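# Fold and contact review
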Amino acid sequence: MTDSTQALFTRLGGTSAMVEIVDQMYARVLGDPDLAPFFEGAEMDRVRSMQYHFLASAFDGPIEYSGAELTKIHAGRGIKATHFAKFCGHFADVLEERGVAPRDVDDALGRLAMFRDKITGDANVDG
Ligand code: HEM
């Protein structure tokens, strides 16, 4: 069904699959003692909804992200590269568990990696 000429959003299964992927990812993130404390007090329905919009847009879906700028929302929270890596690891685990093709998992992770410095606040952005 899917081929590499389709948008990544479509290859991952489109709208309903992306909503499930985001839900499953935050279930893991909130179950991870290293990551859960960051989300204490966060309005998770909003975070899940905005994350869906963000990822749908980053994966070439038919959506424009209209939430807060990533640097601003994550600044001052003490998020390190190790947290970012674990977060992405949960995302990859969800995709793999859903049987997403390895090529598409790599594509998705490559796109997330581009946002690392915005999330961790590292100044050494090279692009
Ligand atoms: C590629 C990785 C990530 C992306 C694309 C991302 C994206 C987002 C988005 C779209 C929101 C919602 C913004 C809004 O409400 O308008 C959000 C909120 C949030 N993110 Fe991330 N995020 C990422 C990684 C992380 C990591 C690694 C952490 C911490 C370990 C984190 C912690 C948070 C917290 C705590 C909030 C909620 C802020 C609040 O409303 O109180 N994020 N993120």
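Per an unreviewed UniProt entry, the protein is named Group 1 truncated hemoglobin, and its organism is Roseiconus lacunae.

As a further point, take the nonpolar core. Counting 33 residues, the largest nonpolar core has L12, M18, Y26, L55, F59, F91 and L95 as the members making the most contacts within it. At the level of elements, α1 (8–11), α2 (14–30), α3 (44–58), α5 (81–97) and α6 (102–113) are the ones that each hand at least two residues to this core. Here the element with the most residues in this core is α5; it accounts for 7 residues. Those residues in contact with Y26, other than ones at most four positions away along the chain, are F39, M44, V47, R48, Q51 and F87.

Relative to the elements of secondary structure, H83 occurs in helix α5. Engagement of the side chain of H83 in a polar contact is seen with the backbone nitrogen of K80, the distance being 2.9 Å. Not counting chain neighbours up to four residues away, the residues in contact with H83 comprise D34, L35, F38 and G78.

On to the environment of V94. Tracing the chain through its elements places V94 in helix α5. We classify V94 as buried; its relative accessible area is 2%. Taking the C-alpha atoms as reference, V94 lies 14 Å from L55; in sequence the two are 39 residues apart.

Taken together, the neighbourhood of the ligand is formed by 22 residues, with F38, R46, A68, H74 and R77 sitting nearest. Contact distances for the ligand include 3.5 Å between an oxygen atom and a side-chain N or O atom of R77. Contributions of two or more residues to the shell around the ligand are made by α3, α4 (70–74) and α5. Here the shell around the ligand takes 5 residues from α3, the largest share from any one element. Partitioned by chemical class, the residues of the shell around the ligand number 16 nonpolar, 4 polar and 2 charged.

What the rule picks out here adds up to 5 aromatic pairs. When the centroid spacing of 6.1 Å and the interplanar angle of 70° are considered together, the rings of Y26 and F87 count as edge-to-face. Of this pair, Y26 sits in helix α2 while F87 is found in helix α5, placing the two residues 61 residues apart along the sequence. Of the two residues, Y26 and F87, neither departs from the other in class, the shared state being buried. Centre to centre, the rings of F59 and F91 are 6.1 Å apart; their planes meet at 45°, and the pair counts as tilted. Placement of F59 in the loop between α3 and α4 and of F91 in helix α5 is noted, with a sequence separation of 32 residues between them. With a relative accessible area of 0%, F59 lands in the buried category.

Rules of the game
Residue numbers here run from 1 along each chain, matching the order of that chain's written sequence. Totals for whole chains, interfaces and linings use every residue, but because this is a predicted model, local features are given only for residues with pLDDT of at least 70 and side-chain atom pairs only at 80 or more, for both listing and counting. To obtain the side-chain values, all non-hydrogen atoms of the structure were included, while hydrogens and water were left out. Here, nonpolar core refers to any group of buried Ala, Val, Leu, Ile, Met, Phe, Trp, Tyr and Cys residues whose side-chain atoms link them within 4.5 Å. Under the scheme applied here, a residue whose accessible area is under 20% of the maximum for its type counts as buried, over 50% as exposed, and between as partly exposed, the area being computed with a 1.4 Å probe on protein chains only. Secondary structure elements are defined from DSSP: runs of H or I of at least 4 residues count as helices, runs of E of at least 2 residues count as strands, and each element is numbered from the N terminus. Residues count as neighbours in contact if any of their non-hydrogen atoms are within 4.5 Å of one another. Any N or O atom pair separated by 3.5 Å or less is treated as a polar contact, with the protein-specific requirement of one donor-capable and one acceptor-capable atom, and with residues adjacent in sequence counted only for side-chain atom pairs. Summary of the distance rule: residues count as near a molecule or strand when at least one heavy atom falls within 4 Å of that molecule or strand. Residue polarity follows a fixed list, in which Ala, Val, Leu, Ile, Met, Phe, Trp, Tyr, Cys and Pro are nonpolar, Asp, Glu, Lys and Arg are charged, and the others, Gly among them, are polar. A pair of Phe, Tyr and Trp rings is counted when the ring centres sit within 6.5 Å of each other, with Trp represented by its six-membered ring. The angle between the planes then sorts it: under 30 degrees is stacked, over 60 is edge-to-face, the rest tilted.

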